[in-house]
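Report on the structure
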Amino acid sequence: MAPLPSPRQQLLTDVSIAIDPAAVLLTLNRGRRIDRLNADMAAAVTTARRLIRPAAAMAWVRVTSVTAETVTLDSMEAGSRHAVSLNIGPHADLMAAAVIALISVGTIGDDLDAAVRELNHKGELLQAYLLDSAGVVALSEVGRAVREQAEAEASRRNWGVSPSLGPGTLDGWPLTGQRGLWGFLESDGPAGAAAIGITLGENGVLTPHKSATGLIGLGAAYRSRRVGSVCGFCQLRHTCWRRRNSSRAADGPPAIADP
Ligand code: SF4
């Protein structure tokens, strides 16, 4: 049985966030420059950098079985065991090569969303929109930091990695699927999600709002050394402004970081 990394649960609190105002604007405008908004976007990014509190809680688990739509995860350790079968939908095969997996929940805190609400309340809709967009990119940067952890662990084992899968984005895995992942993330106080201020409500919604859970598989049979995105299999692919390449393969390199 492959050993899990130690410690099994970890926090990421020193997350470097890169937000390029020009790149955010280009993506928002589907690759076309919109120079009259440069100053507004730069101001929004400056504000975002002041307001974000990037952090992530992570948990390593074993992948004990993958069937047509179900992945079974197990964090068995001496004296403690937590096992869950998750119905992640018809793309469960993306986890078929996984021996272990990294579960995560990342956040940028609530201060940015509070500022967006305030701007909306004052009728400053453009500034609210640009600040919110900078926050979305900041959250994707937290996701990048998590992916790098998975890639580093896979590299140590000479393994590859799956794409990054998330409830509420992967086709067939509803947002309520977060509850199955949550059980692994809250089980240890000091390194659990609550330690960085993230909670999961009865309604299955994370607080702060700009938080996201994810699942990445690691195994010798994966060919990719980089965690790709699942834009092609994403429930949001027809509306997501961060999706730039509609033909990108599920295990190809991400053009834009996943949540
Ligand atoms: S970037 Fe891709 S995977 Fe992420 S929400 Fe947008 S379409 Fe979905």
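Everything that follows concerns the structure shown earlier in this document.
Description of the structure in this document. Being a predicted model, the structure only gives us computed values, none of them experimental.

1. Points about the environment of A83
Turning to its location among the elements, A83 is positioned in strand β4 (residues 83-87). When the C-alpha atoms of A83 and V63 are compared, they prove to be 9.7 Å apart, with 20 residues separating the residues in sequence. Apart from residues no more than four positions distant in its own chain, A83 is found in contact with L73 and D74.

2. A look at the nonpolar core
Counting residues in each nonpolar core, the largest one holds 45 residues, and the members touching the most others are M41, L112 and L218. When contributions to this core are tallied by element, the ones reaching two or more residues are α1 (21-28), α2 (38-51), β2 (55-66), β5 (100-107), α3 (111-121), α4 (125-157) and β9 (211-219). Among the elements that take part in this core, α4 stands out by supplying twelve residues, more than any other. What M41 contacts, discounting residues up to four positions off in sequence, is P21, V24, L25, L28, L130 and A134. Judged by nonpolar contacts, the second largest core, of 32 residues, contains V71, L73, I198 and L200.

3. So, α2
In this model α2 runs 20 Å from its N-terminal to its C-terminal C-alpha over 14 residues, within 8% of the 20 Å that 1.5 Å per residue would give. For α2, every residue scored as buried is listed here: M41, A44, V45, A48 and L51. All buried residues of α2 lie within an arc of 125° about the axis, which places them on one face of the element. In α2, the exposed positions angled more than 90 degrees off the buried face are occupied by A39, T46 and R50. Each element contacted by the buried residues of α2 is listed here: α1, α3 and α4.

Rules behind the numbers
Residues numbered from 1 in each chain as written. Predicted model: local features only at pLDDT ≥ 70, side-chain atom pairs only at ≥ 80, totals over all residues. Heavy atoms only, no water. Helix = DSSP H or I, 4+ residues; strand = E, 2+ residues; numbered from the N terminus. Contact = heavy atoms within 4.5 Å. Core = buried A, V, L, I, M, F, W, Y, C linked by side-chain atoms within 4.5 Å. Buried < 20%, exposed > 50% of the residue type's maximum accessible area, 1.4 Å probe, protein only. Expected span 1.5 Å × (residues − 1). Arc of directions from axis to C-beta.

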